[in-house]
Amino acid sequence: MIEVEGLTRTFGAGGNAVHAVNDVSFTVPRGQLCAVVGRSGSGKTTLLNLIGGLDKPDAGRISVDGKQLAGPGRSLGEKELAALRRDLFGFVFQSFALIPILSAAENVGIPLRLRKTPVRKREERVELLLNMVGLSDHMKQRPAEMSGGQQQRVALARALANSPRVLIADEPTGQLDSETGRAVMRLLRAVVAAENVTALVATHDPLMMELADRVITIGDGKVVQDTGSEGAPGLSAAAGVPA
C-alpha cells in the first residue's frame, strides 16, 4: 500500500541544515497498522507529512496505493495533491482540529460535503461512523460540549468519512489522559480492522506499540529499528485484541 524509497527532507542549509528525514526506505502492506515511534525531533511527524502529501521531499520516492506522490520526474501541482489527499488519506491530529460551531455529525460530514456526496448517503455514513466510535447519542453536540476523548473519537470518525485507503494519525492521544488515551488507541485498532484501512500512527504510547502490527523506530531522521513486519507481535489477528 505504501512504498517509501530514499526519502529525504532537509530544513535550512549549510551548517544550520537539519536532516529531518534522511534516506528513509520501507514498505507497508495493505491493512497493516504501523506505529512510528521516536523521541521529539526524531523526524516522525515530518515523515508522516511527506507520506500524506502535506509536505514535499527533497529527494526520494513515495507511492501510495499504486499512485506515485513524489519521485524522479513526478511533480504534482497543489490541485492534484489536494485531490489525492482527499481521496487516499484520512488524517487525525493531536489537536482534534474540529470546527467549534459545528455539531459532531456536521464535523464528520465535512469530507462528504466536499465530495458532494448525496444527502441521504452522507447522513447514513455519518450515522454509521458515529455509532462505530460510540457517539451515536452525541451527534448534535458541539466540540465544547464533549470531553477530549469524545472529540478525538469525532476526529477519527471524520478521518474515515471518505473511506480512505490510508489513515495517518500524528500523536492522536497526546492531549488525552492515560485512561482515555488507551480507550482511543483500542478504538483506533478496531476501526482500522473494520474499515480495512492501512494506518501510520506516530505515537509515544506503549499500548499503541503493543496493538500495532509493526513498529518503526525513527532516530535523527533515519529508521533505526523495524519490528513486527512479518506479523502482529502479541496480537491475535482473528480477534483484533492482544493475544
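Report on the accompanying structure.

Cut-offs applied
- Residues numbered from 1 in each chain as written.
- Predicted model: local features only at pLDDT ≥ 70, side-chain atom pairs only at ≥ 80, totals over all residues.
- Heavy atoms only, no water.
- Pairing = 2+ DSSP bridges.
- Helix = DSSP H or I, 4+ residues; strand = E, 2+ residues; numbered from the N terminus.
- Axes fitted to C-alpha atoms, helices over the stretch in contact; angles between N-to-C directions.
- Phe/Tyr/Trp six-rings, centres within 6.5 Å; stacked < 30°, edge-to-face > 60°.
- Contact = heavy atoms within 4.5 Å.
- Parallel < 35°, antiparallel > 145°, perpendicular 65-115°, else oblique.
- Left-handed = near helix turned anticlockwise from the far one by under 90°.
- Nonpolar A, V, L, I, M, F, W, Y, C, P; charged D, E, K, R; others polar.
- 1 Å grid on protein atoms, 1.4 Å probe; cavity = no way out; pocket = protein on both sides within 12 Å on 5 of 7 lines; lining within 4 Å.
- Points joined across faces, edges and corners; volume = space filled by probe spheres on them.
- Buried < 20%, exposed > 50% of the residue type's maximum accessible area, 1.4 Å probe, protein only.
- Core = buried A, V, L, I, M, F, W, Y, C linked by side-chain atoms within 4.5 Å.
- Salt bridge = Lys/Arg side-chain N within 4 Å of Asp/Glu carboxyl O.

### What about the sheet that holds strand β5 (residues 67-70)?
Read from one edge of the open sheet, four strands run β2-β1-β4-β5, paired in antiparallel fashion. A single partner strand is all that each edge strand has here, and the edge strands are β2 (18-28) and β5. Strand-to-strand twist in this sheet, taken as the mean axis angle between neighbours without regard to direction, amounts to 25°. Inspection of the sheet shows strand β1 (residues 2-11) paired to β2 by seven bridges, in the antiparallel sense. Note on β2: the bridge partner recorded for L7 is V24.

### Let's talk about the packing of aromatic side chains
The final tally for this structure, using the stated rule, is two aromatic pairs. Their ring planes at 5° and their centres at 6.1 Å tell us that F91 and F93 sit as a pair that is stacked. Each member of the aromatic cluster is reached from another via a ring pair, and the members are F89, F91 and F93.

### Let's talk about the sheet that holds strand β8 (residues 198-202)
Neighbouring strands of a sheet are bound in pairs by backbone hydrogen bonds; such pairs are parallel or else antiparallel. As summarised here, the arrangement of the six strands in space is β6-β7-β8-β3-β9-β10, forming an open sheet in which the pairing is mixed. Only two strands of the sheet have a single neighbouring strand rather than two, namely β6 (89-93) and β10 (222-227). Strand-to-strand twist of the sheet, defined as the mean angle between neighbouring strand axes without regard to direction, takes the value 20°. For strand β3 (residues 33-37) and strand β9 (residues 214-219), the ladder comprises four bridges, and the chain directions are parallel. Along β9, the bridge assignment pairs V37 with T217. Sheet contacts for helix α5 (residues 148-159): β6 and β7 (166-170); angle to β6, the most-contacted strand, approximately 165°.

### As for the packing of α5 against helix α6 (residues 178-195)
In the contact formed by α5 and α6, the axes pass within 10 Å of each other and the chain directions differ by 20°. As judged from the angle between their axes, α5 and α6 are roughly parallel. Note on packing geometry: the crossing formed by α5 with α6 is right-handed. Packed against α5, whose contacting residues are G149, Q152, R153 and L156, the element α6 presents T180, A183, V184, L187, L188 and V191 at the interface. A breakdown of the residues in the contact of α5 with α6 according to their chemical character gives six nonpolar, three polar and one charged.

### Some thoughts on empty space enclosed by the protein
Rolled over the atoms, a probe sized like a water molecule indicates the empty space that remains. For the coordinates displayed, the defined rule picks out one cavity of 30 Å³ or more. Each pocket or cavity is described by its volume, and for the largest cavity that value is around 40 Å³. Around the largest cavity, the lining residues are V92, Q152, L156, A169, P172, V184 and L188. Every element with two or more residues in the lining of the largest cavity is listed here: α5 and α6. For the lining of the largest cavity, a count of residues per class yields six nonpolar, one polar and no charged.

### A closer look at helix α3 (residues 104-114)
What sets the pattern is the α-helix's 3.6 residues per turn: residues three or four places apart point alike. Of all the residues in α3, the buried ones are A104, A105, N107, V108, G109, P111 and L112. Looking one or two residues past α3, K116 carries a phi angle of roughly 60°, positive in sign.

### Concerning the nonpolar core
Soluble globular proteins: nonpolar side chains tend toward being buried together. Ranked by size, the top nonpolar core spans 40 residues in total, and within it L130, L156, L167 and L188 carry the most contacts. Within the residue set of this core, elements represented by two or more residues are β3, α3, α4 (119-132), α5, β7, α6, β8 and α7 (206-211). Looking at this core element by element, the count peaks at six residues for α6. Among the nonpolar cores identified, the runner-up in size contains 30 residues, and V4, V24, A70 and I218 belong to it.

### Re the pattern of salt bridges
Going through the model one piece at a time under the given rule, you end up with 13 salt bridges. Across the pair R86 and D87 runs a salt bridge, and its minimum N-O distance is 3.0 Å. You can call R86 partly exposed: its relative accessible area is 38%. Overall, the relative accessible area of 27% leaves D87 in the partly exposed class. As a salt-bridge pair, E195 and R125 come within 2.8 Å of each other at their nearest N and O atoms. Of the two residues, E195 sits in helix α6 while R125 sits in helix α4, which places them 70 residues apart along the sequence. Within the structure, one salt-bridge network assembled from shared partners comprises E3, E5 and R61.

So, to be careful, I would describe these as geometric facts and stop short of saying anything about function.
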